[in-house]
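Here is what each chain is made of, one letter per residue.
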Amino acid sequence: MTTPSTGTPATTPATPPASTTTPAGTSPGYEIDKAMLDGATPKDLLPTTGNYPVEIVRYRSVVLTDIPGAKPARKLTGAIDLGEENLPFYDRPAEGMIVTTEQTWSAQGVTLGRLLHSLALAPGESTKVAVVDWQRSTKATGTETTAENDTLSGTSDQNRSISEVANAISREEQFGTSRSSQSSRSSSSGGSAGIAFFGLGAGGNWSDSSNSGFATSVSRSTGVKSVAAEATQRISERTQQVATAARSRNMTVVRETTQSEKDQVVTRVVTNYNHMHAMSVQYYEVVQVYNVTTKPTKLERCLFIPLQELTFNYTSLQRYKEVLASVAPTDWAAKIRAANPFDTTVRKLDACTAPETPGGAVFDGVELADIAASAMGVYGVRRFDGTPVRFDPVARQWNPLPTTGLDGELIRIAPGKSIVWAIRADNEVVHFDGTAWRRDPNGWAGRSLACGPDGTLYLIGMDSSIYRRDLNGTSLNLQITADDVAVVGKDKVWYCREGRTWERTGTTWTERTPAPNVKRLSAGPDGSLWGITANGKAVVVEAGATTWTPPKHQILADLSSVTDFVTSTSGDHWALLNSGLILRLLTVERDAPIAFDAPPKADSPYASKIDVWYDEAGIRTIQVVFQGQVFRCGDTRGSGVQQRASYTFGGADKLLSVDAWFGTAARGSLAGLRLTMDSGVANFGIASTTTAAPDMTEDAGGAAICGLFGSTVRSGTRTYIASLGFHVRGGNVPQTVLDHLNDNRRHYSQAVWANADELTLSRILANYSYTPAGSNAAPVLLGTLLDPKPIAATGNYLGFRWNFGSEQEREAWTKARQPGDATFGAPVTNTIAIATKGVFAEAVLGRANSAEKIDLTRFWNWKDSPIQITPADIAPVATGTRAKDLDTTVAALGASQAKYSQLSAMPDPVGLKAVEAMTTANLFRDMSGLSTMSQVLTKGIEAAAGNDKAAGERAQEALKTATEHLQKMAQIAVDAAGKAAPAAGGGNLSALGGMLNQGDKAGSGAKGGSETKAGSDAKS
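Residues numbered from 1 in each chain as written. Predicted model: local features only at pLDDT ≥ 70, side-chain atom pairs only at ≥ 80, totals over all residues. Heavy atoms only, no water.

### Some points on the overall build of the protein chain
Phase 1: Counting secondary structure elements, the protein chain contains eleven helices and 45 strands.
Phase 2: Scored against the burial criterion, the 1020 residues of the protein chain give a buried share of 32%.
Phase 3: Here the analysis covers contacts within the protein chain between residues at least 6 apart in sequence; of these, 68% occur between residues at least 24 apart.
Phase 4: For the protein chain, the accessible surface area stands at approximately 61,300 Å², while carbon and sulfur atoms represent 52% of it. (Helix = DSSP H or I, 4+ residues; strand = E, 2+ residues; numbered from the N terminus. Buried < 20%, exposed > 50% of the residue type's maximum accessible area, 1.4 Å probe, protein only. Contact = heavy atoms within 4.5 Å. Areas by Shrake-Rupley, 256 points an atom, 1.4 Å probe, with all protein chains shown as cover.)

If you want it as structure tokens, here you go:
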């Protein structure tokens, strides 16, 4: 997050010394050096380094300084796994600052850098070096606009009438005779001779030729040719043609081409002219040395806003298609660009398939003294503190009820239709109306109670009598003593007394036998009655029956040590054990799901209305209305109370998302449904009352509902929706593309954040405020103080400039964070060397003397055996251009279609053809043969003359051969004379040095090995 700013050259000169005089034309305070007025080298023109800064560069770095309120999620005690998935993003704003750092580059001088190349030359060695410097830049832009328009209209009318007569006569008579004769003769001779002796030579040639020829030719020809032709034609012709070709062409062509090329070739010959020392030419790079001072100069504050990851759907793909494709791999980028969210197609929105709920569960940490169930849910009383609790089927946990107004512990509880009744530890009756607990206005007290589905309350008083309170508040003593009571339905009440049970229908009480010593009663929502015997076993009277039987399900029959047993409207059973633990049993049998599907027709319109029926356990029936068609799944005639909710769609209303909750009915059917549309939100089932997160969320991406599919399941006497899906008409995008985007949503979300436009960001920021950490001031409105243009992005943070509300606030914030404090450090100066394009070369002689002593037994005269010191040729240096031709040709317009129609050709008259035949040249052939005879005579004369010419040429060649032989003989004589002359000594220092060394060796040998030298060594 560091961005260099534009460099600013320093131009402020050093402060001049003060002056007491001010010459004309100068500014006050400046003294003129008289030596600078006239001199070979003015001081102010001499180049110097180190006096002024060369360049100033400023960098901006965005620093994240603090995340207010954030705490480390885990303690770092080991290695961090970079491959860990589902790492959390930032979830709260963070503060930071923009630090502007200034770098001042001051030139200190020039020095030599690393050794680039070393060229070693032996004594007398020479080599060639070529340096090629080439660079080229090309820029071409073109704009072309062409418009064409052709219009053609033409008519043609042609008539012709011909009447003709033609006559022709031709006659020829020809006679002729010819004769020719020829004789020729040619003779020639030639010869040559030469002699050479000690520079003397002679030669000669001769030739003789004669030729004669005679030809005679006589020719005579007579002939008569006459031609007569007569043709008469009458032609009447009328031709009319009108053609109009109109073409308009407007063309604007702009071509701008800039091409520059630089090609520089430098060749050098490097020679070591030393005869006794090797030489190395070392090439060094030229380095410019700078002193770089870095210091922070300016601080600005910024605020980092956390952003949520995007969920990519059809709508977001329409909006960010190009951004997503630009950061995607090549294969996926092609698929993203090929997807067309605007192309309408019908697809299936994945069905909300409800998972099957486990068979049972024990809630650890929850111990109850009483439990009861009704259409309001399952309620209980805690065993240790007597507080009321309620089971949340969505979160699957027990939650406490409010205790407002409750001034004592509870021992019994009985939920009704809309009110929860309970008995306190002092046996006084209280009720909860949804906001607070209240004492019974009549002062009722009792030992047990039960509430019917219609809200009627039955109470066993302190005298063990059963009392009934109607909905209007009227109370009645039924004159029956009992130990416990249960309400199965309207006017259907059961009670037990000393192990025996009675059922009341209307006003008649009937004892039901055999009675298995029942001590506790509870009613099921399906009309069944459950009882707990003295030994803790569960028994049941099925709906419509009158006899106690063991439970059909073996798991219920095997229960023991049970103190209470209830059945909820969702079909699950709750057993309260002696220990206070609660056992939840889901034993309702589930039939096989029955699938349904209502696919849309080709011209099927969008859905106009949806109706949903549901009860306390789940969704029972769904009905969707289309134009001319109504589809319905499920039923509304099962047992239990159902509610109905409807939603009317707008015209072509788009479905954005589907949320689903799963309940326990039918072992995991659809309990809640939420449809988020363009026009609003439709909630069905528990979706309208719960705040729990949905079990399933499906993104529809802005499509319209045009059909539905899924399955229903029957559980006991009720039917529920087991799964549900929709046929929707929306964008034509493969699901694999959306899956790829959502599987890598962090990567693609960051790309969208980084390319967000300022208008969108400003509209979003205007809805939020922020209070700085430790500040008591009013919250900061982000829309007014944040610059909507992002300056940095890290993780899911997007950083914005955070402006100040006043200058006093800016000064206080900046003063507390001075650049020179320990947080950012003091200015730092470093020496930095930067290589330039320059190269410095220097020759260095070797230390060893490489010349050997002269010995007459060796090759001492280089002329006798010359050394080739001329360097070998290098390949020719090419300086050809590397420029490429730029195509700036204007695109040609199409061929015009406006053309005149060609008139059809009419036949030629017959009479004209006859005339042409008679007037053709060479109608009569030449019968005399005179031209052929002339050619024969000419060839004979040329043959006779050629023999004489050939004889002369052969004589000339013989003379030339003799002359060349004479020259070669003379050169051989000269060379022989030179070799015969005696050698007159070497004549150079090398030869003299060789003779001295040889004499020294001879003298040393005569003296018996004396080391005294007769002369000094001679070297070359």
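### A few points about helix 1 (residues 314-327)
Phase 1: For helix 1, which comprises 14 residues, the first-to-last C-alpha distance of 18 Å matches the rise-based estimate of 20 Å (1.5 Å per residue) to within 8%.
Phase 2: Along helix 1, the sharpest change in direction is near 80 degrees and occurs at Tyr320. (Expected span 1.5 Å × (residues − 1). Bend = angle between axes of the 7 residues up to and from the residue.)

### Topic: the nonpolar core
Considering soluble globular proteins, one finds that nonpolar side chains tend to be buried as a cluster.
Phase 1: The biggest cluster of nonpolar side chains holds 37 residues, and the ones touching the most others in it are Ile622 and Leu675.
Phase 2: Counting residues per element, this core draws most heavily on strand 39 (residues 696-715), which supplies five residues.
Phase 3: Beyond its immediate sequence surroundings of up to four residues, Ile622 is in contact with Ile610, Asp611, Val612, Phe631, Arg632, Cys633, Leu673, Leu708, Ile721 and Leu724.
Phase 4: If you look at the next biggest cluster of nonpolar residues, it comprises 16 residues, including Phe312, Tyr314, Tyr320 and Val752. (Core = buried A, V, L, I, M, F, W, Y, C linked by side-chain atoms within 4.5 Å.)

### Topic: the environment of Asp659
Phase 1: Following the sequence through the fold, Asp659 ends up in strand 36 (residues 655-662).
Phase 2: In this structure Asp659 comes out as buried when scored by relative accessible area, which is 9%.
Phase 3: Along the primary structure Asp659 and Leu675 are separated by 16 residues, whereas in three dimensions their C-alpha atoms are 6.6 Å apart.
Phase 4: If near-sequence neighbours (up to four positions away) are discounted, Asp659 is found in contact with Gly672, Leu673, Arg674, Pro694, Met696 and Thr697.
Phase 5: At 2.9 Å, the side chain of Asp659 and the side chain of Thr697 are in polar contact. (Polar contact = N/O pair within 3.5 Å; in protein donor to acceptor, adjacent residues only side chain to side chain.)

### Some thoughts on the pairing of strand 39
Phase 1: Burial runs high along strand 39: 17 of the 20 residues are buried.
Phase 2: Pairing of strand 36 with strand 39 involves five bridges; the strand directions are antiparallel. The residue of strand 39 that forms the bridge with Ser657 is Asp699. (Pairing = 2+ DSSP bridges.)

### Considerations on the confidence of the model for the protein chain
Residues shown with low pLDDT carry predicted positions that ought not to be read at fine detail.
Phase 1: For the protein chain, the mean per-residue pLDDT works out to 75, and 65% of the residues sit at or above 70.
Phase 2: Low pLDDT (under 50) marks residues 224-229, which in the prediction has 20 contacts with non-local residues, meaning those over four places away or in another chain. (pLDDT = per-residue confidence, 0-100.)

### Structural notes on the packing of aromatic side chains
Phase 1: Taken as a whole, this structure holds 16 aromatic pairs when the rule is applied.
Phase 2: Seen from their ring centres, Tyr770 and Trp802 are 5.9 Å apart, and the 70 degrees between their planes marks the pair as edge-to-face. With Tyr770 in strand 41 (residues 769-770) and Trp802 in strand 44 (residues 797-802), this pair connects stretches of sequence that are 32 residues apart.
Phase 3: Owing to a relative accessible area of 5%, Trp802 belongs among the buried residues under this scheme.
Phase 4: Measuring from ring centre to ring centre gives 5.6 Å for Phe804 and Trp813, while their planes differ by 55 degrees; the resulting arrangement is tilted. In this pair, the class of Phe804 matches that of Trp813, namely buried.
Phase 5: Here the aromatic residues Phe391, Trp398 and Trp574 are joined through ring pairs into a cluster of three or more.
Phase 6: Geometry around Trp802 places Arg301 over its ring, the cationic atom sitting 3.8 Å from the centre.
Phase 7: The lysine or arginine in question, Arg620, covers the ring of Tyr720, its NZ or CZ lying 5.3 Å from the ring centre. (Phe/Tyr/Trp six-rings, centres within 6.5 Å; stacked < 30°, edge-to-face > 60°. Lys NZ or Arg CZ within 6 Å of the ring centre and 35° of its normal.)

### With respect to the sheet that holds strand 35 (residues 643-648)
Phase 1: Judged by pairing direction, the sheet is antiparallel, and its four strands sit side by side in the order 34-33-32-35 without closing on themselves. One side of each edge strand has no neighbouring strand; the edge strands of this open sheet are strand 34 (629-634) and strand 35. On average, each strand axis in the sheet is tilted by 10 degrees relative to the strand beside it, whichever way the strands run.
Phase 2: When strand 32 (residues 609-614) meets strand 35, the two strands line up antiparallel, connected through six bridges. Each residue of the ladder has a partner; that of Lys609, found in strand 35, is Thr648. (Axes fitted to C-alpha atoms, helices over the stretch in contact; angles between N-to-C directions.)

### With respect to the pattern of salt bridges
Phase 1: Taken as a whole and judged by the stated rule, the model has 27 salt bridges.
Phase 2: A salt bridge links Asp433 to Arg438; its shortest N-O distance comes to 2.9 Å.
Phase 3: Among the ionic contacts, a cluster of salt bridges with common partners joins Asp370, Arg412, Asp484, Arg520 and Asp564. (Salt bridge = Lys/Arg side-chain N within 4 Å of Asp/Glu carboxyl O.)

### A short note on the pairing of strand 44
Phase 1: Burial runs high along strand 44: five of the six residues are buried.
Phase 2: As paired strands, strand 6 (residues 279-306) and strand 44 are joined by five bridges and run antiparallel to one another. Considered in strand 44, the bridge of Phe304 is made with Gly799.
Phase 3: In this structure, strand 43 (residues 786-794) lies alongside strand 44, joined through five bridges in antiparallel fashion.

### What about the sheet that holds strand 15 (residues 429-432)?
Strand pairing in a sheet relies on backbone hydrogen bonds. The paired strands run either parallel or antiparallel.
Phase 1: Pairing within the open sheet is antiparallel, and its four strands lie in the order 13-14-15-16. In the strand order of this sheet, the two ends are held by strand 13 (410-415) and strand 16 (437-439), each with one partner. On average, adjacent strands in this sheet sit at an angle of 30 degrees to one another, irrespective of strand direction.
Phase 2: Two elements, strand 14 (residues 420-424) and strand 15, share four bridges in a ladder whose sense is antiparallel. Bridged to Ala422 within strand 15 is Val430.

### Describing unusual backbone geometry
Outside of glycine, negative phi angles account for most residues, and trans bonds account for most peptide bonds.
Phase 1: With a phi close to 70 degrees, Asn427 is a non-glycine residue in the positive phi region.
Phase 2: Tracing the sequence through the fold places Asn427 in the loop between strand 14 and strand 15.
Phase 3: Despite not being glycine, Ser464 shows a phi value in the positive range, around 70 degrees.
Phase 4: With respect to the helices, strands and loops of the structure, Ser464 is situated in the loop between strand 18 (457-461) and strand 19 (465-469).

### So, the environment of Ser762
Phase 1: Structurally, Ser762 is set in helix 6 (residues 758-765).
Phase 2: For Ser762, a relative accessible area of 27% translates into the label partly exposed.
Phase 3: Each C-alpha atom of the pair Ser762 and Thr784 lies 9.1 Å from the other, and the pair is 22 residues apart in sequence.

### Brief notes about the environment of Ser679
Phase 1: One can find Ser679 in the loop between strand 37 (670-677) and strand 38 (681-685).
Phase 2: In the structure, Ser679 is positioned 29 residues away from Gly650 in sequence and 6.7 Å away in space, judged by C-alpha atoms.
Phase 3: Not counting residues within four places of it along the chain, the set of residues in contact with Ser679 comprises Tyr647, Gly650 and Asp653.
Phase 4: Here the side chain of Ser679 touches Tyr647 through a polar contact of 2.8 Å, side chain to side chain.

### What to know about the packing of helix 2 (residues 330-338) against helix 4 (residues 735-743)
Phase 1: Two elements in contact, helix 2 and helix 4, have axes whose closest approach is 10 Å; the angle formed by their N-to-C orientations is 125 degrees. Between helix 2 and helix 4, the angle falls in the class oblique. For the element pair helix 2 and helix 4, the recorded crossing hand is left-handed. Between helix 2, through Trp332, Lys335 and Ile336, and helix 4, the contact on the second element is made entirely by Thr736, Val737, His740 and Leu741. (Parallel < 35°, antiparallel > 145°, perpendicular 65-115°, else oblique. Left-handed = near helix turned anticlockwise from the far one by under 90°.)

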